[in-house]
Amino acid sequence: MAEISTDIFKSLLDQVEQYSPSIEAVEVGRVLEMGDGIARVSGLDNIRFSELVRFTNGTPGIVFNLEKDNVGVIILGEYDTIQEGDEVRPLGRIASVPVGMGMVGRVVDALGNPIDGKGPIAASDYYNIERIAPGVIERKNVNRPVQTGLISIDSMTPVGRGQRELIIGDRQTGKTAIAIDTIINQKGKGLYCIYVAIGKRRGEVARLVALLEEFGAMEYTTVVVASASDPAAMNYIAPYSGCAIGEWFMENKMDALVVYDDLSKHAWAYRQVSLLMRRPPGREAYPGDVFYLHSRLLERAAQLSEERGGGSLTALPIIETLLGDVSAYVPTNVISITDGQIYLEPELFYAGTRPAINVGISVSRVGGDAQTKAMKKVAGGLRLDLAQFRSLAAFAQFGSDLDKSTQQQLDRGLRLTELLKQPQYQPLSLSDQVALLYAGTKGYVDHVSVDRVKEWQTGFTRSFNTQYADLASSIAETKTLTDDQEAKLKDSLKTFNANWS
């Protein structure tokens, strides 16, 4: 025992001799003023904008205002126990989130902390939540499609990899449903998805995550949650965190899709923290830089050039309108930033046309560049046909006699509208979409009564994928519709129609 104690004593003596004291200056601030989730702090003269700080109770905060004699900090958590005079320590890093493959399949908060009970995240790196968007030279044209699985979108308002396509409409018109259907349809397509829930109820988010797990979509999806019960500061930073997670995939030669649901609540959260910080209010009480709030977020979506690896980040922002007013402040701002919009109309939704897409206002500014050759061939005149049908249908309500060609156009328009209706969580493959659109536009459904179009569709797709499985797989692989494939498609339609009653 005496020998062991001597050894221990010697090792302790060695450690004492090797110890060299070091002095480190740490800047420490004090809370001057506190209330409503924001704090004014003095003594942090060398702090940077967006730098993280920690209060005495362990709650983090982000530096939001840099003023002459104090800094404004928005608090990212509980602030009831923070008092005037409390110590505030800078953490020495800009607000950042963990990124990498370890984020896939996880549910995290706006700072990247796991909230799904699956343990810590194996992060490969940390990215600042605010990052500079890729420059013009670093980008290339958007020319690869994001297949949403929704026939009305893929045919008329296609979304390309690297595009920013806005989903806009009143509440309860199916905006989130379109985003979730798009995520579900990416299984096996090499597209990693990030869903950012801003200001949603926790129960709603839990149902959504359970739904994604049911369809196997959580295998390639990350969910970032800033719920309605979280502080406004968390709602403010959540979309930037989601974007940073997606950028890691883009910069590592992969493709990612990020859904911001929704940016209206994001703007509300920003307005709240800005007013509390006494920033000057502008139109509708939003601060003057509310346009920049969303432009610096959405500009980060890009299709990178081959020199930068060729990865992409696609953005699907969602905006909620009030009584269909797309000319309100935030909707017009986001419409002007994005590459097109999908407008969902309440009247169509309540009439049973779902997804309730208004063909007239909805547009994709990338257009046919983001479509496959097969889709471009069969859907070329679809938008015009439907627009003409809508105007004719409005005219026909007056009850005047219609000539044969006008009546035929009306009948086909009714059947095309039925074909474009689609139940939730049932995305269609590319080959099914091409076959159905070809049938609708070429008159193979004209003989079917309107109330039986969906029945005809179910029967035909089953027949097409069993008896003509080779044709379906060849369209899916080549993404074209050659003369030979078209002849086989005609044959499949004629054979099915001959046997269908």
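Residues numbered from 1 in each chain as written. Predicted model: local features only at pLDDT ≥ 70, side-chain atom pairs only at ≥ 80, totals over all residues. Heavy atoms only, no water.

Asks: Explain the overall build of the protein here, please?
Replies: From N to C terminus, the protein includes 16 helices and 19 strands. Along the first, second and third principal axes, the C-alpha atoms of the protein reach 100 × 60 × 45 Å. For the protein, buried positions account for 53% of its 501 residues. Contacts in the protein between residues far apart in sequence, at least 24 positions, make up 73% of those at least 6 positions apart. Surface exposure of the protein reaches about 23,000 Å², of which carbon and sulfur atoms provide 52%. (Helix = DSSP H or I, 4+ residues; strand = E, 2+ residues; numbered from the N terminus. Buried < 20%, exposed > 50% of the residue type's maximum accessible area, 1.4 Å probe, protein only. Contact = heavy atoms within 4.5 Å. Areas by Shrake-Rupley, 256 points an atom, 1.4 Å probe, with all protein chains shown as cover.)

Asks: Please explain empty space enclosed by the protein as it appears in this structure.
Replies: Summary: where empty space remains is shown by rolling a probe the size of a single water molecule over the atoms. Scanning all chains against the criterion turns up 3 cavities of 30 Å³ or more. Looking at the largest cavity, the residues that line it are Ser152, Met156, Thr353, Pro355, Ile357, Val359, Leu386, Arg390, Thr417, Leu420 and Lys421. Those elements giving two or more residues to the lining of the largest cavity turn out to be α2 (151-156), α11 (382-396) and α12 (404-420). Within the lining of the largest cavity, the residues separate by chemical class into 6 nonpolar, 3 polar and 2 charged. (1 Å grid on protein atoms, 1.4 Å probe; cavity = no way out; pocket = protein on both sides within 12 Å on 5 of 7 lines; lining within 4 Å. Points joined across faces, edges and corners; volume = space filled by probe spheres on them. Nonpolar A, V, L, I, M, F, W, Y, C, P; charged D, E, K, R; others polar.)

Asks: I tried to follow helix α15 (residues 469-478) on my own but got confused; where do I start?
Replies: One turn of an α-helix holds 3.6 residues; hence residues three or four places apart share an orientation. Burial in α15 covers these residues: Leu471, Ala472 and Ile475. Taken end-on, α15 shows its buried residues confined to a sector of 100°, consistent with a single buried face. Turned more than 90 degrees away from the buried face of α15, the exposed residues are Asp470 and Glu477. Considering only its buried residues, α15 is in contact with α13 (430-441), α14 (453-466) and α16 (483-499). Just downstream of α15 lies Lys479, where phi reads positive at about 55°. (Arc of directions from axis to C-beta.)

Asks: I keep staring at the side chain of Arg300 and nothing clicks. Help me out?
Replies: Here Arg300 shows up in the loop between α7 (290-298) and β16 (302-303). Residue Arg300 is classed as buried on the basis of its relative accessible area, which comes to 0%. Engagement of the side chain of Arg300 in a polar contact is seen with the backbone oxygen of Ile129, the distance being 2.8 Å. When near neighbours in sequence (up to four residues on either side) are disregarded, Arg300 contacts Asn128, Ile129, Glu130, Arg131, Ala133, Pro134, Tyr240, Cys243, Ala244, Glu247, Met250 and Leu313. (Polar contact = N/O pair within 3.5 Å; in protein donor to acceptor, adjacent residues only side chain to side chain.)

Asks: Help me out: how do you make sense of the packing of aromatic side chains in this one?
Replies: Between two aromatic rings, the relevant description is the distance of the centres plus the angle of the planes. As enumerated under the stated definition, the model contains 14 aromatic pairs in all. On the basis of an interplanar angle of 75° and a centroid distance of 5.8 Å, the ring pair of Trp456 and Phe496 is categorised as edge-to-face. Here Phe496 lies in helix α16 and Trp456 lies in helix α14, a separation of 40 residues in the sequence. Grouping residues by exposure puts Trp456 and Phe496 together as buried. The rings of Phe64, Tyr236, Tyr240 and Tyr270 are connected pair by pair, giving a single aromatic cluster. In this structure, Arg354 is placed above the aromatic ring of Phe349, and the distance from its NZ or CZ to the ring centre is 4.0 Å. (Phe/Tyr/Trp six-rings, centres within 6.5 Å; stacked < 30°, edge-to-face > 60°. Lys NZ or Arg CZ within 6 Å of the ring centre and 35° of its normal.)

Asks: How should helix α4 (residues 202-214) be read in this particular structure?
Replies: The first and last C-alpha atoms of α4 sit 18 Å apart over 13 residues, in line with the 18 Å expected at 1.5 Å per residue. When we look at burial in α4, the residues that qualify are Val205, Leu208, Val209, Leu211 and Leu212. An end-on view of α4 places all buried positions within 160° of arc, on one side of the element. Those residues of α4 that are exposed and angled more than 90 degrees off the buried face are Arg207 and Glu214. Looking at the packing, one finds that the buried side of α4 touches β8 (107-109), α3 (175-184), β13 (191-198) and β14 (221-226). Gly216 sits one or two residues past α4 and shows a positive phi near 75°. (Expected span 1.5 Å × (residues − 1).)

Asks: Explain the pattern of salt bridges to me, please; I cannot follow it from the model alone.
Replies: Opposite charge on two side chains permits pairing when their charged atoms draw close. For the structure on display, the rule yields 26 salt bridges. Salt-bridge contacts for Glu87 lead to Arg30; the nearest nitrogen and oxygen are separated by 3.8 Å. With Glu87 in strand β6 (residues 87-94) and Arg30 in strand β1 (residues 29-35), the pair connects residues that are 57 residues apart, well separated along the chain. Since its relative accessible area comes to 27%, Glu87 is described here as partly exposed. Classification of Arg30 as partly exposed rests on a relative accessible area of 43%. Ionic pairing is found between Lys200 and Glu204, a salt bridge with its closest N-O pair at 3.5 Å. The class of Lys200 is buried, set by a relative accessible area of 10%. Accessibility expressed as a relative area gives 25% for Glu204, which makes it partly exposed. (Salt bridge = Lys/Arg side-chain N within 4 Å of Asp/Glu carboxyl O.)

Asks: What is the right way to read the layout of surface pockets from this model?
Replies: Each pocket or cavity is described by its volume, and for the largest pocket that value is around 830 Å³. Surrounding the largest pocket, 32 residues form its lining, Gln172, Gly174, Thr176, Ala177 and Glu204 being those nearest its centre. Every element with two or more residues in the lining of the largest pocket is listed here: α3, α4 and β17 (312-321). The dominant element in the lining of the largest pocket, judged by the number of residues it contributes, is α3, at 6 residues. The residue inventory of the lining of the largest pocket, partitioned by class, reads 13 nonpolar, 7 polar and 12 charged. When its volume is computed, the second largest pocket comes out at roughly 300 Å³. Looking at the second largest pocket, it is lined by 15 residues, and the ones nearest its centre are Trp268, Glu320, Thr321, Leu322 and Ala328. Of all the secondary structure elements, the ones that give two or more residues to the lining of the second largest pocket are α6 (263-276), β17 and α8 (329-337). Of the residues contributing to the lining of the second largest pocket, the split by class is 8 nonpolar, 2 polar and 5 charged.

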